[in-house]
Each structure stands twice: as structure tokens, then as C-alpha cells.
Amino acid sequence: MKLGSYFLRRLLLLIPLLFGLSLLTFTVSRILPGDPVGLAAGPQATEEIKESLRKEFGLDKPLPVQYLSYIGNLFRGEWGQSLYSRREVASDLKVYFPATLELTLAAILFAGIFGTLLGVVSALNRNKLPDHLARVVVLFFVSFPAFWLAMMFQLVFGLALDWFPIGKRLNILMTPPQTITGLYLLDSILTWNWKAFRMAAWHLFIPALVLSFGALASITRITRANMLEALDKDFVRMERALGMPDRVVIFKYVLRNAFIATLTIIALEFGWLMAGAVLVETIFDWPGLGLYIVESSLRLDFQPIMGITIIYGIVFSLVNIFTDMAYGLLDPRIRYG
Amino acid sequence: MARSLSSKELRHKAREVQWEAFRRGLYRFRSNALSMIGLSSLIILVILAFAAPYIAPYPEDARGKTHVTERLLPPSGEHLFGTDKVGRDIFSRVIMGTGLALRVGIVIIFLASIIGVTIGGIAAYAGGWIDDLLMRITDIFLTVPALVLAIAITAALGKGITNVMIGISLVWWPGFARLTRSLVLSLKEEAFVEAADGIGSSHARILFRHILPNALSPIIVKMSTDFGFAVLTAAALGFIGLGAQPPTPEWGAMINDGRERFPSEWWIATFPGLAIFVMVFSWNLLGDGLRDVLDPRSRR
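Predicted, not measured: the structure shown is a model, and the values here were computed from it. (Residues numbered from 1 in each chain as written. Chains lettered and ligands numbered in written order. Predicted model: local features only at pLDDT ≥ 70, side-chain atom pairs only at ≥ 80, totals over all residues.)

Peer 1: Would you mind going over the overall build of chain A with me for this structure?
Peer 2: Summing up its helical and strand segments, chain A has 13 helices and zero strands in all. Each principal axis of the C-alpha atoms in chain A carries an extent, and together these give about 85 × 55 × 40 Å. By the burial criterion, 39% of the 337 residues in chain A qualify as buried. The long-range share in chain A, meaning contacts at least 24 apart out of those at least 6 apart in sequence, stands at 71%. (Helix = DSSP H or I, 4+ residues; strand = E, 2+ residues; numbered from the N terminus. Buried ≥ 20, exposed ≤ 12 C-beta atoms within 10 Å, placed from the backbone. Contact = placed C-beta atoms within 7 Å.)

Given below as C-alpha cells:
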């Protein structure tokens, strides 16, 4: 009950934030010195064609009117039309968003597991060789441009070794599992389609792995620092004095204490990774928001860009709210006020 | 009765304490092998950036000179990193791009920290509705991951390296604003602020002369740890095609250039990527070391 009302309050606080965001994206899209109508109409378009296009997209009205109608449409689920493809932005987003979500979820899972493990190992071997090694390795991987690393992985694992496919979510010839959530892995489990599951996982592995590197460093660092802090606590000495095995002390009690901070970082990194997906998707031809925003930004196609930005804002904010709620499950001392 | 110190002696004493703290920090920094490697590598990169026109075998290739007969040559003694699709020497272009990458990082970090520190400092110092307003604006920028918002803003401003720098700075400042706000909030309760207020210093003087200098260490750490990521983000925008336009030797754009011929002519994209890595890795090593020195709680 208490958790429910907390959740509701946080959701309500989200509304002014998203209003602000929509105002920001709108402002950005209207200060553009480029000429999106000219681009969409093509080089041979006459002034009349451009004028009618402007009318069609409502670009001839005063700015406040344009903003209000934009907001009104957002609430009605009409997210505008791409100037370029003439498709509805909302229906495009519905297709592309699950692909990005699946990729990001898989990546944050990898990063969370490896990062936490590396952090635990570092903390238990403080200032010894494994600690130093872990530090260098994570800094090493976080320093590569994600798109470049993606190309290299594609080359090594996709082309040279031929262990993994070089892109896309499934083989071209394969029909995707019946769409329920749009996440191929989840959909194929729900429909007992194991062949699709294997294929989707096989295609997902390398892109998600490359994407996960970006989040490794901070997850490892935070886990390490908080493990060290928790290891210093009196209860640890107490449990050890009682003869509790090290394994239980560390994984059941110390890590649980340290994991709250790790969780915050994982939530923060989720947003970063979802943004990083833009680059990884470009390389692996992954049909998600990333490919969509890159193509739209090169064509100055502003309706999709605004839509994608708002989607990112909504998802990122929701992730933060869920993280705050998860604290309570991990740490009973936290109460929602 | 104890003799009170004159203001001259006080100042001398304060300087002594500062010097001692600096020497200790320097010692800790120097005993950290990784950050020394990062620093040395950065010094080499800076020298490389300045000496580029004299070191690069074909400096004119970075300015757009083409050699049609030497297209797509693999790495060799003549062309260490090979040549691209119009016959330009990639080694020369990578070296000539060092200065640009450094400049981009410096501009972004300075613009972002100036905006962020000012906004965060004013918010915390003024408090009340000004704090609320400024922080809500900050929150709006933080709802969308930096890279996505940077793409949107840069696309709106138009392609080009200057707009990339503006676009990234405009999404990078909220981190600095948050950090500065939290630092100033705790510092403004200190006795020296009360003292400055008591002798009639103006608000601007108290904030910029007394409070912010004391908040400097964590801000510098953030500047150094963010530098690498700013360079990465700029390279990403260049890679997407929103950044420097040809023939500018921008590393991200060079990778994009090599993408269509990857992997058969792998060298076009590979070497600029390695260059980005070397620069970002150096900054990250340096930042990691600085964090240990200036924020002792972070590493035990």
C-alpha cells in the first residue's frame, strides 16, 4: 500500500518533467537553421510545393500554437509524421523500441554480472594483483569507442571465426516469433518457439556484449568501494567470530549491503547504455531506436527525433523510479515517506 | 594571553598548509604507476599535436590533398597506416587529428563546467525558488541520456565540428551543476562564509571568491574523468556523420569513412579507432589517479 502511493507520487512528479522535456525538444526542433521541408521536398520542389508541405505539417502557424497542438497530439498518441518516409512516428517507435530495449537489457545484465563480480574480487584482494588487474581491464574496455569495438568484434567473431552472425536480430529468412512484447527472447519463450529463441539469443550475444563494456568500469568501482565499506562493519566481524563460512558472510550479508549502491549505478548506466545502443545498432544493423535516430538526424527529420528523445526520457525516468522502489526490497531499513 | 597572529602571518601559515597538502597529493599521485602512465601518454599526445605538421610525412593530406594513383594501399613502410579511398596517408591524418581531438575535449569540458558550476553554485547559494527552478531545469536535461540529446541538438544546429562542441556542452553541464550544488550546500554553512558575510562581502564575492575555490578539487576530478568521455561522445557524433565534414581529419569521421570498406580495407577504420582509444585511455588513467589523490575516500 505504502509502496503503491509512493509509486503514484513519483509518477505524478514525472509529468512536469516530461512537459519540460517536450518544451526542450520542441525548442530545439524549431531553432534549426536547416531547411527540413526543403530536404523532404527534394531539390526540384517549387516554392508552392514547399508551402503546401509547410501547411500540411502545421509549420506555418505561430510557435506557441504549434507547441500546444504538438502537446495535445502527444497525449492522443499522435506523435507526428516523418517528413521523409511519411510514416507515423508512433507506429515506427512501437516497432523499433522493443529491439533497443532487448539489446540494452541484455547488455546491462552482462555488465551487472561481470561488474559486480569484478568489484567483489577487487575488494577481497584489495591492493593486490587481482585488484590492480581488474582496474586496468575495466578502464581499458571503457576507453574504446563502442562503434569501433563493435566493428572489431564483428570482424573477429562474425567474419574470421564465423561463430556469430554479423548483424540483425534474426536470420533474414526466419519469421520472428509472434509479437507479444516485441522482445524476441521473451516472445519466443511465451510461444514455446525454441528455435526462434536460440536464433535470437545467438544474434543478441555479441552486440549486447560490446554494449556492456561501457558500463563495466563504474559498476566495478562502486561495488568495490561499497564492499570495502561493508566489510569493515561490526556485523561482519561478529558473523566471522560466530564461525559463519566466508562464502555466506560475503555473498549473503556483505554483498547485499553493497549492492544497493551498485543498483543505483546500474540504473544510471542503463540510460547510458540505451544511448550507447545508438552506436552499436548502427554497426550491427539492429533495427532499433538508434538506427532510427541516426537516419532521422542526418535527414533533419524532426518529428522522429522529438519522439525518440521523449521515449528515452520516459524510459530513463521510469527506470529511476523502479530502482528507488527496489531499494526497499533489498534494504528493509528504507521506508518510503 | 596568547599572542594573536597578524594577518600576514596567518596568510603565510595558510600557504604553508596548502603547500604541504599539495606535496602529499603529488606524492600519492606519483606513487600511482597507472596515472603516471596516463599523464606521460597525454604529454606525448600534446607534443604530438603541436609537432604534427613537422612529424606527419604528408601533412597536406590532412587538408584535403588527394592522390588518385595511391588509393587504398595497405600499411607499408611508405604509408605506415595505409591510404584511404582517395589516396590520403592515414598515418598523417591520424597525427594531424590529435590536436583537433584535444581541442574538442577542452572546449566541451570548459564550456560545460563553466555553465554547470555557475548554475549549481547559484542554485545552492541562493536557495529557495531559484534553487528549485534551476534544479528542475537541470533535471530536464538529465532525463535524456547525453548522447541522444546531443544528437538532437547537433542535428538542429547543423553538421560541423563547432556545433558538435556546442551540442555536447549543452548536454554535459548538468553533471557539473549537480556536483557543484551539493558541494556549495555544505560549504555555505562553514564559519568562513559567515565571517565573509559579517564583514560585508557581496554575495558574488562570497560565492566566487570564498566558496567555489574550496569546492575545486572534486570539480577538477570530474573534469578529468569526463574528458575521455567527452572525446568519445564527440567521436561518436563524427562517426554518425554530424561532426567534422571532409576533409577534416576527425577520428570519428575517419572511422565512418572506413566503414563501407571494412573489413577488406580494414586499416582505414582501425587506426583512427586506436588513436581515439589511446587518448581516452590516457585520460581515464589520469582521472582515476586524480580521483584517488583529491578524493581520498574513493580509494582505500
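Peer 1: Would you explain the overall build of chain B in this entry?
Peer 2: A tally of helices and strands in chain B yields 11 helices and zero strands. Tracing chain B from N to C terminus, the helices and strands come up as α-α-α-α-α-α-α-α-α-α-α. With the principal axes as the frame, chain B shows a C-alpha extent of 90 × 45 × 35 Å. At a minimum sequence separation of 6, the contacts of chain B that also span at least 24 residues come to 69%.

Peer 1: How should I be thinking about the packing of helix α2 (residues 33–55) of chain B against helix α11 (residues 267–294) of chain B in this particular structure?
Peer 2: For any two helices packed against each other, the geometry comes down to the angle between their axes and how far apart the axes lie. Residue and element names in this part refer to chain B. Packing of α2 against α11 brings their axes to within 7 Å, and their N-to-C directions diverge by 135 degrees. Classed by the angle they form, the pair α2 and α11 counts as oblique. Crossing handedness for the pair α2 and α11: left-handed. From α2, L34, S35, I37, G38, L39, S41, L42 and L45 reach across to α11, where they touch V278, M279, S282, W283, L285, L286, D288, G289 and L290. The residue inventory of the contact of α2 with α11, partitioned by class, reads 11 nonpolar, five polar and one charged. (Axes fitted to C-alpha atoms, helices over the stretch in contact; angles between N-to-C directions. Parallel < 35°, antiparallel > 145°, perpendicular 65-115°, else oblique. Left-handed = near helix turned anticlockwise from the far one by under 90°. Nonpolar A, V, L, I, M, F, W, Y, C, P; charged D, E, K, R; others polar.)

Peer 1: Just checking my understanding: could you explain the nonpolar core for this structure?
Peer 2: In summary, soluble globular proteins display a tendency toward joint burial of nonpolar side chains. If you look at the biggest cluster of nonpolar residues, it comprises 167 residues, and the most contacted ones within it are A:F147, A:A150, A:V210, A:V280, B:V148, B:I151 and B:V231. By residue number, the principal contributor to this core is helix α11 (residues 246–284) of chain A, which donates 19 residues. (Core = buried A, V, L, I, M, F, W, Y, C linked by C-beta atoms within 7 Å.)

Peer 1: Can you walk me through the interface of chain A and chain B in this structure?
Peer 2: By convention, interface size is frequently given as the accessible area that disappears when the constituent parts associate. Each side of the interface is counted separately: chain A has 43 residues, and chain B has 39 residues. Residue assignment for the side of chain A that touches chain B shows that the elements contributing at least two residues are α1 (2–30), α6 (129–142), α7 (146–160), α9 (194–231), α11, α12 (289–298) and α13 (302–330) of chain A. For the side of chain A that touches chain B, the residue count by class is 32 nonpolar, 11 polar and no charged.

Peer 1: Just to check I follow, could you spell out unusual backbone geometry for this structure?
Peer 2: Glycine aside, negative phi is the norm for most residues, and most peptide bonds take the trans geometry. All names here are of chain A. We note that N127 has phi near 60 degrees; this positive angle belongs to a residue other than glycine. Here N127 is to be found in the loop between α5 (89–124) and α6. Not every positive phi belongs to a glycine, and L300 is a case in point at roughly 55 degrees. Along the chain, L300 falls in the loop between α12 and α13. Residue class for L300 comes out buried when judged on the 22 C-beta atoms lying within 10 Å of it.

Peer 1: What exactly am I supposed to notice about the confidence of the model for chain B here?
Peer 2: Detailed conclusions should not be drawn from predicted coordinates in areas where pLDDT is low. All names here are of chain B. Per-residue confidence for chain B gives a mean pLDDT of 86; residues scoring 70 or more make up 96%. Here helix α1 (residues 7–30) stands out as the least confident element of chain B, with mean pLDDT 81; helix α3 (residues 90–126) is the most confident, with 93. Scoring of the predicted complex yields 0.87 for pTM and 0.84 for ipTM. (pLDDT = per-residue confidence, 0-100.)

Peer 1: Sorry, what's going on with α6(A) here?
Peer 2: Compared with the 20 Å implied by 1.5 Å per residue over 14 residues, the 20 Å span of α6(A) between its first and last C-alpha is a close match. Within the span of α6(A), buried status applies to A:A134, A:R135, A:V138, A:L139 and A:V142. Each buried residue of α6(A) sits inside an arc of 120 degrees when the element is viewed along its axis, so together they form one side. As for α6(A), its buried residues are in contact with α5 and α9 of chain A together with α11 of chain B. (Expected span 1.5 Å × (residues − 1). Arc of directions from axis to C-beta.)

Peer 1: Looking at this structure, I do not really get the confidence of the model for chain A. What am I missing?
Peer 2: On average, chain A scores 82 in pLDDT, and the residues at 70 or more come to 94%. Averaged pLDDT values for the elements of chain A fall to 65 in helix α2 (residues 36–41) of chain A and rise to 90 in α5(A).

Peer 1: Hey, could you run me through the environment of A:K168 in this one?
Peer 2: Residue and element names in this part refer to chain A. Within the secondary structure, K168 sits in the loop between α7 and α8 (184–190). Residues K168 and A123 lie 45 residues apart in sequence; the distance between their C-alpha atoms is 39 Å. Apart from the residues within four sequence positions on either side, K168 is in contact with H203 and D285.

Peer 1: I would appreciate a short explanation of the packing of helix α4 (residues 128–142) of chain B against helix α6 (residues 161–187) of chain B in the present structure.
Peer 2: Residue and element names in this part refer to chain B. It is at 9 Å that the axes of α4 and α6 come closest, and there the two elements cross at 130 degrees. Classified by the angle their axes make, α4 and α6 are oblique. Regarding α4 and α6, the two cross each other, and that crossing is left-handed. For the pair α4 and α6, contact is made by T138, F141 and L142 and by V171, P174, A177 and R178, respectively.

Peer 1: Looking at this structure, how should I read the environment of A:T46?
Peer 2: In this structure, A:T46 sits in the loop between α2 and α3 (47–56). For A:T46 and A:P165, which are 119 residues apart along the polypeptide, the C-alpha to C-alpha distance reads 46 Å.

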